[in-house]
Structures are given as C-alpha cells and as structure tokens.
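# Observations on the three-dimensional arrangement
Next come the chains, spelled out residue by residue.
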Amino acid sequence: MPNKTLDNYGELAAGVREILISEEELQRRVHDIAGEISRDYAGRNPLLVGVLKGVLFFMADLLQALTIPAEIDFIAVSSYSPESRQQGVVRLVKDLEIPIDGRHVLFVEDVIDTGLTLNYILRNLRIRQPASLDVCVLFNKPNHRLIDIPLKYKGFDLPDRFVVGYGLDYRERYRNLPFIGLLKPEVFQSNKG
Amino acid sequence: MIPSPEPADPSSPRFSHPAEEAFAKILDFYGIAWVYEPRTFPLEWDEHGVTVEAFRPDFYLPDQDLYIELTTLRPELSTRKNRKLRRVKELYPEINIKLFKRREMRDLMVKFGLYDQAAGIEGTQAQKPEGLLRKNAQQNAG
C-alpha cells in the first residue's frame, strides 16, 4: 500500500509543505529500536524516562513494541523563553516519581539538536547513581549539536530543517501529526501562529 | 599556528548583533560556559607578514572546546563568510568550529520560543548592523 500523501491528512496538515518521514517509516523504525532495546535489556527491568511533552508519542509506541517488562516515568524542565530567563537557569518543574538509584535507566527523547536540555537532564540524573544511564533518541539533528552526547539508540538523522509532527510542535501545534513534516515558510512569518 | 588568545571580558561583552545576545542568554540559561570573540585567526598576510584578513568567531565554549559562528545573512550574501570559514578550517584544522546559518538561527530561535526574533530573521534581509560591518572591516585590515 503506498504511503499517504498530505491530502490524506486534511486540515491537520494545513501549513505543512512536505512529508519528510512517513507514518509507515516512523512505525517501522520505532519497532526496530524496540527490538534492539528488548534484546539489550532482557532481564534488567529498565526504567524508561522521558521529558514532557514532545516524547509522548514516541514513548507510547516504543513501550507498546517492547517485548520485555519495563517501567516508565517522566520529568519536565523549564523551557527557555524570555519569561523563564527572568527566573534564572533551567530547572526541573516535574521530578521523577520512581527512584533511579541502582536502576538501568534509558532516557528516551524525541529529538536532540543542540543537546543543551539533554545535557542538563543527564547531569541531573547521573547524580542519583543509576546502575546505567543511556540515551535513546528518535530524531537526531547532528548539525545543531553544541554538546556532544553519546546516543545508544537512534532513529533518524534529520536535516537542518525545522520539523513538526509525532510530538514535535511549532507553537504547540502539529504535535498530533502522525508523520514528520516541513512547514511552509509563511507559517514562520506569521507571529499569530 | 594558533595565535594567542586575546583577553575578553565575558561579563560585559558588547554584542555586535541581537542574535548573538539571544544566543548568549540561551547558553547562560543552560549553564554552558562561553566566551565572546576570544580569539582572532589570521587568514591572509601581505609580503611583510602583516595580517590583511582575519576571522573572529563569535563564541568559544571552553568545556566543549568549540567555536561558534552565527550568521543571519541570506545565503546569497554569506559567500564571503563561508569562504573565510573554509580558510579557517584549512589553516587551523585542529580547532572545532561550527557555523549556525540563517535558517538554523531561525530554527534555534523558534526552538527556544523567541518567535519575534525568528520572524525577524525570516522576514528581513537580516544583514548585520553597521557596527558589525565596521568590525569586520577592521578585522580585514588586520
């Protein structure tokens, strides 16, 4: 069956110029990664940790595709904005509920580009002395990297483009697109979102 | 041949472009150490050994040992900067340097919620202000 085109998504895809990674490609890759994790963490009851909110879609699909027992937990960090900057530096706004000392922790992230946020979170988690701490990222933007972070599992390398869908937003929109798409330039030119 | 670092005062740098200041604030927010324009790399010399062209990256991240150059110039206007960057890599292959181009700067601004700045980059020629052009001219003159 051929992949869907933008027309198949109707209003949901308004503002999207092009599908970069199709729904089918995404699901295939997520299942491949889940297979690798299931093999590597067999018998270790891993704790999958994600940072809200972008990772929700990936985390849900990944967890369902695992063939081993696993637990999940989430944290949230303050995002950079002119307003948050007045409050100082990045901080946790929601902490983990499950203690991670001695646990095999797999940090699951939707996208890594600069590495700034992930670097802060990993520093924070390492202090809690997990048995292991590795990173699984679905979308990698290596050209934007400022902080070098080893990635144990990686879904796709993305080009230097601002992409939306599968949890990735532009001004809180487009998260629920089931594919990864590029926005039309005029979307960025409108400050009204 | 890496020239000696020139002293910089990171506590009160005078940024040449608003995008540089925004970038510095993002680094501060995430606790990343940075220095603004700490080093100038000579690129060309005249027959007397006097530098006639040089390049000074905007930022240096000491913990990452990484230089960062930002540009908001449209691609058709950034040929000269790209050439300089290539020359830096040829002459100083041991340094790590990363260029954030216009579109990448826009994306970075969007990512960190700086929508007005992003729209500004997208909607204008985004040439650097006169002050910076003067700075570059001074660098070119050695």
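The structure reproduced in this document is the subject of the present report. What you are looking at is a predicted structure, and each value in this text was computed from that prediction instead of being measured. (Residues numbered from 1 in each chain as written. Chains lettered and ligands numbered in written order. Predicted model: local features only at pLDDT ≥ 70, side-chain atom pairs only at ≥ 80, totals over all residues. Heavy atoms only, no water.)

Moving on, we come to the pattern of salt bridges. Residue and element names in this part refer to chain A. According to the stated counting rule, one finds 17 salt bridges over all chains in the structure shown. The partner of E71 in a salt bridge is R103, and the shortest N-O contact between them spans 3.4 Å. Linking E71 in strand β3 (residues 71–77) with R103 in the loop between β4 (92–94) and β5 (104–112), this pair joins segments that are 32 residues apart in sequence. Judged by relative accessible area, E71 falls into the partly exposed class, the value being 28%. Taking the relative accessible area as the measure of exposure, R103 reaches 17% and is therefore buried. Here K152 ties to D134 by a salt bridge, and the two come within 3.8 Å at their closest N and O atoms. (Salt bridge = Lys/Arg side-chain N within 4 Å of Asp/Glu carboxyl O. Helix = DSSP H or I, 4+ residues; strand = E, 2+ residues; numbered from the N terminus. Buried < 20%, exposed > 50% of the residue type's maximum accessible area, 1.4 Å probe, protein only.)

What follows covers a nonpolar patch on the surface. Residue and element names in this part refer to chain A. Judged by side-chain polarity, L52, L56 and F57 come together as a nonpolar surface patch covering roughly 230 Å² of accessible area. Mapped onto the elements of the fold, L52 is located in the loop between β2 (47–51) and α2 (56–65). The exposure class of L52 is partly exposed, given its relative accessible area of 35%. (Patch = residues over 30% accessible without salt bridge, like charges linked within 9 Å, V, L, I, M, F, W, Y side chains within 5 Å. Areas by Shrake-Rupley, 256 points an atom, 1.4 Å probe, with all protein chains shown as cover.)

Attention now moves to the sheet that holds β3 of chain A. Residue and element names in this part refer to chain A. Spatial ordering of the open sheet is given by β4-β3-β2-β5-β6-β7, a layout of six strands whose pairing is mixed. Each edge of the sheet is formed by a strand with only one pairing partner; in this case those strands are β4 and β7 (153–157). Mean inter-strand twist for the sheet, computed between neighbouring axes without regard to direction, equals 30 degrees. When β3 meets β4, the two strands line up antiparallel, connected through two bridges. (Pairing = 2+ DSSP bridges. Axes fitted to C-alpha atoms, helices over the stretch in contact; angles between N-to-C directions.)

The next point concerns unusual backbone geometry. All names here are of chain A. Of note, the amide linkage connecting L52 to K53 takes the cis form, showing an omega dihedral of 5 degrees. Here K53 shows up in the loop between β2 and α2. The phi torsion at Q129 lies on the positive side, around 60 degrees, for a residue other than glycine. Topologically, Q129 is positioned in the loop between α4 (116–126) and β6 (132–140). Positive phi, close to 50 degrees, is recorded for Y166, a residue that is not glycine. Note on placement: Y166 falls in the loop between β8 (163–164) and β9 (180–183). What makes Y166 buried here is its relative accessible area of 3%.

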